[in-house]
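Residue-level structural notes
As a plain string of letters, each chain reads:
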Amino acid sequence: MPLVLHSCPGGTLLLPDALLCDRRDGGHLVVNPPRPVWERSELAPMELAHWSCLVAATGRAMLDVLPALHEGCLNYWEAGNWALNDQAPPAGPKNVQAHRRVHLHVLGRNRQSAHPDWRWGESPKFPRWEDMVAWAAGFAPLSPQECEAVAGRVKTLLDSRFRLPEPGAPA
């Protein structure tokens, strides 16, 4: 089960179980919107604004506190397509609105990346669905200390630079 690092009106920040990038190559976190939707346009404007601020705070926090991202950068990847793979549970064709869930992967990029699919200056290369488990088998998650540092920095940023009114609050 993914580890929740932060929860707020913008959604949840998670350390995923299924990693797409090793911590030494820059790390991998996932930001879910405040409620499950199959397409981001299904979010209300204030939900979308809060989610966007959580995404921005997550990226800034990773850049600020993760040593692997010194002189590095980030890639943001909206996903949800593997859930639609015919081999993914439940097997067979799926209704996109019932099975796809919007989430945003925040992927660190390190100039000295060791993994060949994360070479600096190149687009990341992701495996096919059926190859993902083997491809990611050696990836290490962010450490508990790194997770704590990112989560603390996210909270600070959301309370200051990315502060928005609470949903439902008068403007």
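These notes cover the structure that comes with them. Each chain has its residues counted from 1, running along the sequence as written. With pLDDT at 70 or above as the cut-off, local features in this predicted model cover only qualifying residues; side-chain atom pairs require 80 or more to be listed or tallied, and sums for whole chains, interfaces and linings still use all residues. For side-chain calculations, the full set of non-hydrogen atoms in the structure is used, while hydrogens and water are omitted.

What links the strands of a sheet is backbone hydrogen bonding, and the strands pair in either a parallel or an antiparallel sense. We treat two strands as partners when DSSP finds at least two bridges between them. Runs of E in the DSSP output that reach at least two residues are strands. Runs of H or I that reach at least four are helices, and both are numbered from the N terminus. Overall, antiparallel pairing links the five strands, which are arranged 1-2-3-5-4 in an open sheet. If you trace the sheet from one side to the other, it starts and ends with strand 1 (3–8) and strand 4 (73–79), each paired once. Across the sheet, the mean angle separating the axes of adjacent strands is 20° when strand polarity is ignored. Summarising the sheet, strand 2 (residues 11–15) and strand 3 (residues 28–32) pair through three bridges and their orientation is antiparallel. Residue pairing in the sheet places Leu-13 in a bridge with Val-31 of strand 3. Lying over the sheet, helix 4 (residues 144–159) contacts strand 1, strand 2 and strand 3, oriented at roughly 5° with respect to strand 1. Convention adopted: a line fitted to C-alpha atoms gives each axis, helices being fitted over their contacting stretch, and angles between N-to-C directions are expressed from 0 to 180 degrees. We call two residues in contact whenever any of their non-hydrogen atoms come within 4.5 Å of each other.

Turning our eyes to something else, we now look at unusual backbone geometry. In the segment running from Pro-89 into Pro-90, the intervening peptide bond is cis, with an omega of -10°. Tracing the backbone through its elements, the reader meets Pro-90 in the loop between strand 4 and helix 2 (96–99). Positive phi is not limited to glycine here, since Glu-71 has a value of about 60°. Residue placement: Glu-71 occurs in the loop between helix 1 (45–65) and strand 4.

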